[in-house]
Protein chains: 4
Amino acid sequence: MSDISSSNGSGRKSCWYEEEIEQNLRWCFALNSILHTGSSQYQDIALLDTKPFGKALVLDGKLQSAEMDEFIYHESLVHPALLHHQNPKNIFIMGGGEGSTAREILRHRTVERVVMCDIDEEVVDFCKSHLAANKEAFFDPRLHVVINDARAELEKRKNGFDVIVGDLADPIEGGPCYKLYTKSFYEGTLKPRLNEGGIFVTQAGPAGVFSHTEVFSCIYNTLRHVFRYVVPYSAHIPSYADTWGWVMASDSPLTLDAEKFDARIRQRIEGENRYLDGKTFASASILSKAVRKSLAKETQLYTEGTAKFIYGHGNCPNIPSA
Amino acid sequence: MSDISSSNGSGRKSCWYEEEIEQNLRWCFALNSILHTGSSQYQDIALLDTKPFGKALVLDGKLQSAEMDEFIYHESLVHPALLHHQNPKNIFIMGGGEGSTAREILRHRTVERVVMCDIDEEVVDFCKSHLAANKEAFFDPRLHVVINDARAELEKRKNGFDVIVGDLADPIEGGPCYKLYTKSFYEGTLKPRLNEGGIFVTQAGPAGVFSHTEVFSCIYNTLRHVFRYVVPYSAHIPSYADTWGWVMASDSPLTLDAEKFDARIRQRIEGENRYLDGKTFASASILSKAVRKSLAKETQLYTEGTAKFIYGHGNCPNIPSA
Amino acid sequence: MSDISSSNGSGRKSCWYEEEIEQNLRWCFALNSILHTGSSQYQDIALLDTKPFGKALVLDGKLQSAEMDEFIYHESLVHPALLHHQNPKNIFIMGGGEGSTAREILRHRTVERVVMCDIDEEVVDFCKSHLAANKEAFFDPRLHVVINDARAELEKRKNGFDVIVGDLADPIEGGPCYKLYTKSFYEGTLKPRLNEGGIFVTQAGPAGVFSHTEVFSCIYNTLRHVFRYVVPYSAHIPSYADTWGWVMASDSPLTLDAEKFDARIRQRIEGENRYLDGKTFASASILSKAVRKSLAKETQLYTEGTAKFIYGHGNCPNIPSA
Amino acid sequence: MSDISSSNGSGRKSCWYEEEIEQNLRWCFALNSILHTGSSQYQDIALLDTKPFGKALVLDGKLQSAEMDEFIYHESLVHPALLHHQNPKNIFIMGGGEGSTAREILRHRTVERVVMCDIDEEVVDFCKSHLAANKEAFFDPRLHVVINDARAELEKRKNGFDVIVGDLADPIEGGPCYKLYTKSFYEGTLKPRLNEGGIFVTQAGPAGVFSHTEVFSCIYNTLRHVFRYVVPYSAHIPSYADTWGWVMASDSPLTLDAEKFDARIRQRIEGENRYLDGKTFASASILSKAVRKSLAKETQLYTEGTAKFIYGHGNCPNIPSA
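None of the values given here were measured: they were computed from a predicted structure.

Calculation notes
Each chain carries its own residue numbering, running from 1 in the written order of its sequence. Chains carry letters and ligands carry numbers; both start at the beginning, A for chains and 1 for ligands, and go up in the order they are written. Where totals are concerned, whole chains, interfaces and linings use all residues; where local detail is concerned, this predicted model gives features only for residues with pLDDT of at least 70, and gives and counts side-chain atom pairs only at 80 or more. Heavy atoms throughout the structure, all of them, feed into the side-chain values; hydrogens and water do not. Strands are runs of DSSP state E lasting at least 2 residues, helices are runs of H or I lasting at least 4, and numbering of each runs from the N terminus. What the globule rule says is 2.2 Å times the number of residues to the power 0.38, and the radius of gyration is computed from C-alpha atoms. In this scheme, a residue with accessible area under 20% of its type's maximum is buried, one over 50% is exposed, and one in between is partly exposed, where area comes from a 1.4 Å probe on protein chains only. In what follows, residue pairs with any heavy atoms lying within 4.5 Å of each other are defined as contacts. Each accessible area is a Shrake-Rupley result for a 1.4 Å probe, and residues are judged covered by the shown protein chains and nothing else. In this charge count, Lys and Arg are treated as positive and Asp and Glu as negative; neither His nor the chain ends contribute. We put the charge of a Lys on NZ, of an Arg on CZ, of an Asp on CG and of a Glu on CD. A least-squares fit on C-alpha atoms brings the copies together, and the residues used are those whose pLDDT is at least 70 in both copies. Throughout, right-handed denotes a crossover for which the path from the first strand over the helix to the second runs clockwise when the strands point away from the viewer. Each pair of strands is called paired provided DSSP finds at least two bridges between the two strands. Polar contact is the term for a pair of N or O atoms within 3.5 Å; when the atoms are in protein, one must be able to donate a hydrogen and the other to accept it, and sequence-neighboring residues count only if both atoms are side-chain atoms. Only C-alpha atoms enter the line fits that serve as axes; for helices the fit covers just the stretch in contact. Angles between N-to-C directions range over 0 to 180 degrees. We call two directions roughly parallel when the angle between them is under 35 degrees, roughly antiparallel when it is over 145, roughly perpendicular when it lies between 65 and 115, and oblique otherwise. As a working rule, the residues Ala, Val, Leu, Ile, Met, Phe, Trp, Tyr, Cys and Pro are called nonpolar, Asp, Glu, Lys and Arg charged, and the rest polar, with Gly in that last group. UniProt positions are given in the numbering used here, feature names are shortened, and annotations may be inferred rather than shown by experiment. Centre distance within 6.5 Å is the pairing criterion for rings of Phe, Tyr and Trp, where only the six-membered ring of Trp is used; planes under 30 degrees apart are then read as stacked, over 60 as edge-to-face, and the remainder as tilted. Any Lys NZ or Arg CZ found within 6 Å of a ring centre and within 35 degrees of that ring's normal is scored as a charge over the ring. Only one rule defines a salt bridge in this text: a Lys or Arg side-chain nitrogen within 4 Å of an Asp or Glu carboxyl oxygen. To obtain the arc, one takes the directions from the helix axis to the C-beta atoms.

1. Comments concerning the overall build of chain A
- Of regular secondary structure, chain A possesses 10 helices and 12 strands.
- Scaling as 2.2 N^0.38, a compact globule of 322 residues should have a C-alpha radius of gyration of about 20 Å, and chain A matches this with 19 Å.
- Principal axes of the C-alpha set define a box for chain A whose edges measure 65 × 45 × 40 Å.
- Here chain A holds 322 residues, and the buried ones make up 69% of them.
- Excluding contacts between residues fewer than 6 apart, the proportion of contacts in chain A whose partners are at least 24 apart in sequence is 68%.
- When the accessible surface of chain A is split by element, carbon and sulfur atoms take 50% of a total near 10,300 Å².
- Mean positive and mean negative side-chain charge positions of chain A (35 and 42 charges, respectively) differ by 6 Å.

2. Overview of the relation of the copies chain A and chain D
- Expressed as a screw transformation, the operator carrying chain A onto chain D has a rotation angle of 180 degrees and an axial translation of 0.0 Å, and the superposed copies differ by an RMSD of 0.0 Å. The superposition operator between the copies reduces to a two-fold rotation axis. Taking C-alpha positions as the reference, the residue of chain A nearest the rotation axis is Ser283(A), at 2.2 Å.
- Mapped onto chain D, 100% of the interface residues of chain A are again interface residues, and the two copies thus contact each other with one and the same surface.

3. A word on the pairing of strand β7 (residues 113-118) of chain C
All names here are of chain C.
- The buried count for β7 comes to 5 of 6 residues, which makes it a mostly enclosed element.
- The handedness of the strand β6 (residues 90-95) to β7 crossover, carried by helix α2 (residues 100-106), is right-handed.
- Two elements, β7 and strand β8 (residues 143-147), share 5 bridges in a ladder whose sense is parallel. Residue pairing for β8: Val114 is matched across the bridge by Leu143.

4. What to know about the side chain of Lys51(B)
All names here are of chain B.
- Within the secondary structure layout, Lys51 lies in the loop between β3 (44-50) and β4 (54-59).
- What makes Lys51 buried here is its relative accessible area of 18%.
- Here the side chain of Lys51 touches Asn32 through a polar contact of 2.6 Å, side chain to side chain.

5. A word on the packing of helix α1 (residues 70-84) of chain C against helix α8 (residues 258-268) of chain C
All names here are of chain C.
- Look at α1 against α8: their axes get within 10 Å of each other, and the N-to-C directions meet at 95 degrees. What the angle tells us is that α1 and α8 run roughly perpendicular. Contacts between α1 and α8 involve Pro80, Leu82, Leu83 and His84 from the first element and Phe261, Arg264, Ile265 and Arg268 from the second.
- Of the residues contributing to the contact of α1 with α8, the split by class is 5 nonpolar, 1 polar and 2 charged.

6. Some words on the interface of chain A and chain D
- Listed by partner, the interface residues are 43 residues for chain A and 43 residues for chain D.
- The tally of links from chain A across to chain D stands at 21 residue pairs in polar contact (both at pLDDT 80 or more).
- Listing elements by their share of the side of chain A that touches chain D, those giving two or more residues are β1 (15-22), β2 (25-39), α1 (70-84), β12 (242-250), α9 (278-284) and α10 (289-297) of chain A.
- Broken down by element, the side of chain A that touches chain D gets its largest block of residues, 6 residues, from β2(A).
- Along the lines of polarity and charge, the residues of the side of chain A that touches chain D split into 21 nonpolar, 9 polar and 13 charged.

7. A few points about the sheet that holds β12(A)
Residue and element names in this part refer to chain A.
- What the 7 strands build is an open sheet, ordered β8-β7-β6-β9-β10-β12-β11; its pairing is mixed. Each edge of the sheet is formed by a strand with only one pairing partner; in this case those strands are β8 (143-147) and β11 (229-237). Neighbour-to-neighbour, the strand axes of this sheet turn through a mean angle of 15 degrees, independent of strand direction.
- Sheet analysis places strand β6 (residues 90-95) next to strand β9 (residues 161-167), joined by 5 bridges and oriented parallel. The residue bridging Met94 from the neighbouring strand is Gly166, located in β9.

8. Focus: the UniProt feature "active site" (unreviewed entry) in chain A
- Those residues carrying the UniProt feature "active site" (unreviewed entry) are Asp167(A) in this numbering.
- Its place among the elements puts Asp167(A) in strand β9.

9. Examining the packing of aromatic side chains
- Per the counting criterion, the structure on display carries 58 aromatic pairs over all chains.
- Seen from their ring centres, Tyr233(A) and Phe281(A) are 5.1 Å apart, and the 70 degrees between their planes marks the pair as edge-to-face. Of this pair, Tyr233(A) sits in strand β11 while Phe281(A) is found in helix α9, placing the two residues 48 residues apart along the sequence. The pair formed by Tyr233(A) and Phe281(A) is uniform in burial state, with each residue classed as buried.
- Aromatic side chains Phe185(D) and Tyr186(D) sit 5.9 Å apart centroid to centroid with 50 degrees between the ring planes, which places their arrangement in the tilted category. Accessibility classification places Phe185(D) together with Tyr186(D) in one group, the buried group.
- Ring pairing ties together the aromatic residues Tyr17(A), Trp27(A), Phe29(A), Phe53(A), Tyr17(D), Trp27(D), Phe29(D) and Phe53(D), which thus form one cluster.
- Seen from the ring of Trp16(D), Arg26(A) lies directly overhead, with NZ or CZ sitting 4.0 Å from the centre.

10. Remarks on the UniProt feature "domain: PABS" (unreviewed entry) in chain A
- Here, UniProt's "domain: PABS" (unreviewed entry) annotation points to residues 14-251 of chain A.
- Here residues 14-251 of chain A runs as 25% helix and 40% strand, with 53 Å between its end C-alpha atoms.

11. Description of the pattern of salt bridges
- According to the stated counting rule, one finds 72 salt bridges over all chains in the structure shown.
- Across the pair Arg292(C) and Asp277(B) runs a salt bridge, and its minimum N-O distance is 2.9 Å. One end of the pair, Arg292(C), is in helix α10 (residues 289-297); the other, Asp277(B), is in the loop between α8 (258-268) and α9 (278-284), on a second chain.
- Residue Arg292(C) is classed as partly exposed on the basis of its relative accessible area, which comes to 25%.

12. What to know about unusual backbone geometry
- In this structure, Asp60(A) is a non-glycine residue whose phi angle is positive, near 50 degrees.
- Positionally, Asp60(A) belongs in the loop between β4 (54-59) and β5 (62-66).
- Despite not being glycine, Ala241(C) has its phi angle at roughly 55 degrees, a positive value.
- Structurally, the position occupied by Ala241(C) is in the loop between β11 (229-237) and β12 (242-250).

13. A short note on helix α8 (residues 258-268) of chain D
Residue and element names in this part refer to chain D.
- Taken together, the buried positions of α8 are occupied by Ala258, Phe261, Arg264, Ile265 and Arg268. For α8, the angular spread of the buried residues around the axis is 125 degrees, confining them to a single face. Along α8, the residues that are exposed and aim more than 90 degrees away from the buried face are Glu259, Arg266 and Gln267.
- Where α8 begins, the capping side chain belongs to Asp257, and its oxygen is found 3.1 Å from the backbone nitrogen of Glu259.

14. Observations concerning the environment of Asn90(D)
Residue and element names in this part refer to chain D.
- Its place among the elements puts Asn90 in strand β6 (residues 90-95).
- Counting along the chain gives 179 residues from Asn90 to Ile269, while the straight-line C-alpha distance between them is 16 Å.
- Once you skip the residues sitting within four places of it in the chain, Asn90 turns out to touch Arg113, Gly160, Phe161, Asp162 and Val163.

15. Quick word on the sheet that holds strand β11 (residues 229-237) of chain B
Residues and elements named next belong to chain B.
- One open sheet holds the 7 strands; their spatial order is β8-β7-β6-β9-β10-β12-β11, and the pairing between them is mixed. Edge strands, defined here as strands with exactly one partner in the open sheet, are β8 (143-147) and β11. Across the sheet, the mean angle from the axis of one strand to that of its neighbour is 15 degrees, orientation sign disregarded.
- In terms of strand pairing, strand β6 (residues 90-95) meets strand β7 (residues 113-118) through 5 bridges, oriented parallel. For Ile91, the partnering residue across the bridge sits in β7 and is Val114.
- Its contacts with the sheet put helix α6 (residues 183-190) on β6, β9 (161-167) and β10 (194-206), and the angle it makes with β10 is roughly 155 degrees.

And the structure:
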């Protein structure tokens, strides 16, 4: 296939995707092509074919996930919570319109029903038609896609869930996702929808040595005030140019040694994980001294009143942050 | 139509076409999309949809022409030579595969036959199918497209031409176009193919206050040694981020005042020029003091022995340089 | 001197100055170094050492002038007006804090007194100490630097001037320069300060085939309503990546053929011009068909009420635009 | 202090440092200033003041270390090896001219003598005079700086060392560092210089999910053939936009649990680590499933015959790679 990038024999690339990780930091991928573009009432949507990371989903100019390494994000988001649960049957996804989170959940043989609740129908339809890797998942009879605000949806539902997965954009004051990270939402809306022994896990933004103070430490601290057991963990995701964080929370103990973890993977999960196993999770859930210390010191809570800003997510709706 | 460029509401663009004008100078256009890519035995071919200049044809990572301002280049290349000629009927284009040069020539009512000789069939086919503005020209019965090396083609032809138009990449030592700019080619091959009163015109590379020394002054000086009358002229082309140059040459006087020039436009050319008229050409053919002085002092000739380098055209074949 | 730019032997440059010419168009210079930075109450000031254009003065992230080609701008701004005047003795510069405009004016033997009125003392001091090329001019006894708003200064002065030179940032609604481009300012303040036979000339923003509609055509049209004779002209300035425009205006005829123009240069100007002579001005003052047509059709006037926006000059004070 | 970066009020940055992480991947830092530049017979040297990561040392256009996060690299390189040793007194650094590696080693109370052997005197002098954080280390009487090729130096020395630290550029075929990563060098030159119970540790290039195959896995495999006990570990370094790897090797067991590790930190190290402690190392030395699997499968050895290429390090001499 041809390549538009060569330039006067020097191999210089001509077309680039450029993202401002922060105001003073740029991350640029050489492009093969711009596969699709579209827009919804909430955001611009694009699917790019990048040289370093393959197909990349971009919402409002922010990379959501890249073909080559989204497995790191999605295996890390989904499997620890489902594996720590005794017998996860009913799962609720807040956001996740991309479909990759559902795909990983549906690999679990115990799972009988998955509700994916995303507010942006265009994103769901766009991913359904353009992301080949998730096609099968979108057509799995166990998956029920609902277009709604996750809070409204959880409030109106009577039945409970074994695991609730937060695959939303980061909390920013004024952003539509913010209210889905607050103490009052967790206490008043989310926790009541968890069955006995239920587990909540959420993506929690960047968790690098410096970037973890943007939202990760505050999400962790907020959940610490709502659940008895809270486990923060992280992994470096190359296409994000950062280490990413997740927080798992429950009122039941979250203890599973590496061997048990691997045993449950063998029993419960179809196919083989590429990134995550017992040892990987053991490593991922031990944060560096620098991050541990600052998490321990974190006092801020997300409440309706307060918020923390994370660069460049200012106008994101209730969408998958990856 | 959607736009992939907005980022976190700041209007930042995400996808860019980047060209190195020189090693230390970059020129970047925000992209709407990458419309088509392909490649030939000679070069990579791409058609980009850029925000500032519309559709842009890129060969080997060098912008060839942009929808929004290619009229400046092509009106300047074609009309002065054809208007200075008494009655131009037979025209030969060296290169020009893009089709825009043929399009402008075919606007002349006097023209009976145009031979466009480009070495790269894929470029010709690519432009034929993708450049809407030139569709009509490609299907004009007066146009005869030949896939061949321009020198070989001119050598084998017996008949002469009223005007020969050079729409080739700039001369670089070792580049396949170089030999089409030499004194020996002009004297031994090209000039013999010009009919009585015939005129040769060629694109002559950048002609800015500094950039004219790359090839413009040397092309001018070479032609000055082959033809009795030689007229260099130039125009600023926004998408090139530079002033561009052309040289018109003949053994018959090249004198046409602005009024006569305009009168012939009215008599001979279908439709209306956007850029060029008598006054515009009068201005274009008066070079600034800085450029005039250095042209007057230029002593180098293009011969089989010598050559001058122009940045970033190192691997260009016999192709339209715009 | 060393060069920080080489990278893994590929000659790639590491440090770049980047400017958004427009929102969708970037212009980037490889950097040798950042020589000085400072800031005033009005703007950030920087002097960069760039590879393609030498030392460059940047105000609020916009290139003001570059060592290698500022002579094109300043010779074009100053000499046509002074040469068209019978005997220019007293000159007033609005803005011009960089000192290059004064430098060119002071080359005229007829000139007895130059008032340079810039509102930003820091810019004046910065340029005085850092721009070697203008050192001599700053210490010329004929130069009188005043720190004030040009309008206030012209209003309070009783004496008249033979030539008034506008070297200000472009007019943008809300920008502090805007009021120095309005019909009422020209009529009520500026014109009364011109002596009999006096001439006003102003930089007039980009004058490219597309960019001339930003402010050039409107400045031209406004002056056409205030002065009997108005001459717009332009030149391509490489470091601006565009053709630039100036407008000369007077109630006395502005007619000087190329020969007379050159004769007066010889009589009046110390040293030799690099860019401008009679032929160059003749060419510069003949605009292309595209620009001429749109100037002829321009109906908008700058009045206290109206304004036109030019990209990226939103917060410029009363400063040299080059 | 002023900031050259603001542009037309939009906060856009004007000056950038740009690095090609790989051919298709760029990483760009906004610049405050270019503090110093120089060059040696081996490479260009620059000290930049960047907005996201503070002062950054750049050699031949590759970031070596950044003020804000170099502690992650240097604590990880130095402390695990010294803490695993019973009583490290004599230390040899291959490369390390920047001084940060020596600084961390000299924090160990047990250390009596450190030989830093770097081939590039200019780099050593440059860092000595410009890197404030390492000033004290450079003047520590225990530090002996030798300008020489590390191999030649180790060969001529009779005495042994308790710990040898490799702080060299990555191995590239043809690169001058390559021979300092080969099986024959480790066996024939380095290992004989290690005292009983001695430990060797080396930086080992990128260790990300994809990038670890560049050199990390091969360095690991080569050491596995030379030493009985080999421990690979890694950490994400924000300014490198990647996870970085190190390999520790010895013929004595390398077993130290987190508590013992922390106890020795308290006993032996002056001041407090910011990044590394027992838990951090426990996590760092458990690689993800993806990396573990590919390390286990690695069969290539660095020998005089073979080599692996890592992007953009083609012309690096015997220098600190961070």
